Amino acid sequence: MKIAVAGTGYVGLSLAVLLAQHNEVRALDIVPEKVEKINRFESPIQDDEIERFLAEAQAGQRALDLHATVDPQEAYAGAEFAIVATPTNYDSDRNFFDTSSVEAAIEAIRGVNPTAWIVIKSTIPVGYTASLRERLGDSRIVFSPEFLRESKALYDNLHPSRIVVGAPKGDAEAVAAAKRFADLLAHGADPAELERTNADGTVGIPRLVLGTTEAEAVKLFANTYLALRVAYFNELDTYCEARGLSTADVIEGVCLEPRIGSHYNNPSFGYGGYCLPKDTKQLLANYKDVPQNLIEAIVESNRTRKDFVAEQVLSRVSQLVYSGTPAPVVGVYRLTMKSNSDNFRASSIQGIMKRVKAKGVPVVVFEPTLDAPEFFGSEVTRDLAAFKGRCDVIVANRWSDDLSDVADKVYTRDLFKRD
Ligand SMILES: NC(=O)c1ccc[n+]([C@@H]2O[C@H](COP(=O)([O-])OP(=O)(O)OC[C@H]3O[C@@H](n4cnc5c(N)ncnc54)[C@H](O)[C@@H]3O)[C@@H](O)[C@H]2O)c1
């Protein structure tokens, strides 16, 4: 079966590789350099499993029927399914996701292929698929939320927590297509996952076919729950730091309660990355005219956390001035959100950097993956030793042993030294 994928970022490329194990996959991107890289079996993004699968395919050790292209005809003609995995950035002027790339991709698909089942994998506002189907008069559009994590994109599709596809409940053809799409994803997963026993005693990968609007809500509510958990442990940490308590001891005692659990509880400078900040804001926008307190508080909490962290950093700077350092320099150790990542979209440390700079404190950035002399007007260096020497306070959202020799300069809240 031919499957087309529009967009070869984290979502599109991981799905393309997953599905290319058993199908003919043609992936389209509007950036020719990405297309060329994929066709050389090089991953344009840092992701262990994608890199491994592409390297094995290149060495002839793995069959992957994957080709990337910029040509809509080549990508979309004859495809039975066309997956849309293009960006949906949050538009702060409109307070809503910008879905224009999704619509551009759909227009391009339909320009070549009037019958393919279009599966939107991009994260979209609640109610979007239903309104789009109506506006375009196109009943062959469904939505499947994507739950992968960056840097573990293919891993998470090989070992999915669940597969969810949304199709209008009364539309038997669309529901059947949604089920077939769920089967395709399950077929691409690690075969051991089909035998696994879940916490509720069921066997295999849980598959849900819901209405499109419910499926859209699942995605935004799941990410907002994750953001809530991050925000909760960050506020716990803010309290402990402000009052001089040991955060680690409090978290340990709290999380030994099995209903809370000792996972996903490591404090940070705030939730960040491409998805959580924008998805929480989109869910809040979807609450228009619906009563709520919590969703707004989650969004606000992330701002308050960054204000607090920035104040802590600035107070260290003030202490240095007081004790005789004339113009202390703040170092930003990595712009990335996670320790094994190469992208820094909406990373929380940028919020700290912005606040510190706003007070006139000079900032130097160490970011080895950034090939530019400056980042938002601050000097960027790739020389770690020079960075450590220059900076008086070093802020790190995530600890690295590279900082061990300057630990007394480091401000981090990575208490458990893990993501
Ligand atoms: N990154 C994640 O962890 C993650 C997880 C779940 C869901 N999502 C959602 O999936 C969507 C894509 O996210 P991503 O992280 O893969 O984005 P990305 O920015 O990494 O990749 C998107 C790709 O789409 C390409 N593109 C843009 N317009 C296009 C068009 N008209 N046709 C074809 N290609 C086009 C871009 O060049 C880019 O390569 C977003 O809606 C995001 O919210 C992302």
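Residues numbered from 1 in each chain as written. Predicted model: local features only at pLDDT ≥ 70, side-chain atom pairs only at ≥ 80, totals over all residues. Heavy atoms only, no water.

This brings us to the packing of aromatic side chains. Considering all chains together, one arrives at eight aromatic pairs under this definition. Centre to centre, the rings of F81 and F181 are 5.7 Å apart; their planes meet at 45 degrees, and the pair counts as tilted. Placement of the pair is F81 in strand 4 (residues 81-84) and F181 in helix 8 (residues 172-188), with a sequence separation of 100 residues. Grouping residues by exposure puts F81 and F181 together as buried. On the numbers, 6.2 Å between centres and 15 degrees between planes, the contact of F269 with Y411 is stacked. Here Y411 lies in strand 16 (residues 410-411) and F269 lies in the loop between helix 10 (247-255) and helix 11 (276-286), a separation of 142 residues in the sequence. (Phe/Tyr/Trp six-rings, centres within 6.5 Å; stacked < 30°, edge-to-face > 60°. Helix = DSSP H or I, 4+ residues; strand = E, 2+ residues; numbered from the N terminus. Buried < 20%, exposed > 50% of the residue type's maximum accessible area, 1.4 Å probe, protein only.)

With respect to burial, helix 1 (residues 10-19) is a largely interior element, nine of its ten residues being buried. Residues Y10, G12, L13, S14, L15, A16, V17, L18 and L19 constitute the buried set of helix 1.

Let's shift gears to the sheet that holds strand 12 (residues 363-366). In spatial order, the strands read 13-14-12-11-15-16; together these six strands make up an open sheet with mixed pairing. Each having just a single partner strand, strand 13 (374-375) and strand 16 make up the two edges of the open sheet. (Pairing = 2+ DSSP bridges.)

With respect to the secondary-structure elements, D156 resides in helix 7 (residues 153-158). Look at D156 and you get buried, because its relative accessible area is 13%. Looking at D156, its side chain comes within polar contact range of the side chain of R149, at 2.7 Å. Excluding its chain neighbours within four sequence positions, the residues that come into contact with D156 are L148 and R149. (Polar contact = N/O pair within 3.5 Å; in protein donor to acceptor, adjacent residues only side chain to side chain. Contact = heavy atoms within 4.5 Å.)

In the structure shown here, the tally under the stated rule is 30 salt bridges. E56 is the partner of R62 in a salt bridge, and the nearest nitrogen-oxygen pair spans 2.8 Å. Its relative accessible area of 22% is what places R62 among the partly exposed residues. Classification of E56 by relative accessible area gives buried; the value is 18%. Via salt bridges that share partners, E49, R52, E56 and R62 belong to a single interconnected network. (Salt bridge = Lys/Arg side-chain N within 4 Å of Asp/Glu carboxyl O.)

Attention now goes to the UniProt feature "active site" (unreviewed entry) in the protein chain. Those residues carrying the UniProt feature "active site" (unreviewed entry) are C275 in this numbering. Following the sequence through the fold, C275 ends up in the loop between helix 10 and helix 11. (UniProt positions renumbered as here; feature names shortened; annotations may be inferred.)

This part covers the environment of E107. On the secondary structure map, E107 appears in helix 5 (residues 100-112). Each C-alpha atom of the pair E107 and L210 lies 25 Å from the other, and the pair is 103 residues apart in sequence.

For the rest of this paragraph, the subject is the domain arrangement of the protein chain. Size of an interface: often given as the accessible area lost when the parts come together. Each assigned domain of the protein chain is listed here: domain 1 (2-210) and domain 2 (221-411). Averaged C-alpha coordinates put domain 1 and domain 2 at centres separated by 31 Å. Every contact between the two is made by 19 residues of domain 1 and, on the other side, 14 residues of domain 2. Three residues stand out in domain 1 for area buried against domain 2, namely Q46, Y90 and E150, and they jointly supply 35% of the buried area on that side. Inspection of the region where domain 1 meets domain 2 yields one salt bridge. The residue R345 makes a salt bridge to E150 at a minimum N-O spacing of 3.1 Å. The tally of links from domain 1 across to domain 2 stands at eight residue pairs in polar contact (both at pLDDT 80 or more). Looking at the side of domain 1 that touches domain 2 residue by residue, the class counts come to nine nonpolar, six polar and four charged. (Domains from an automatic or database assignment. Buried area = accessible area lost by both parts, 1.4 Å probe. Nonpolar A, V, L, I, M, F, W, Y, C, P; charged D, E, K, R; others polar.)

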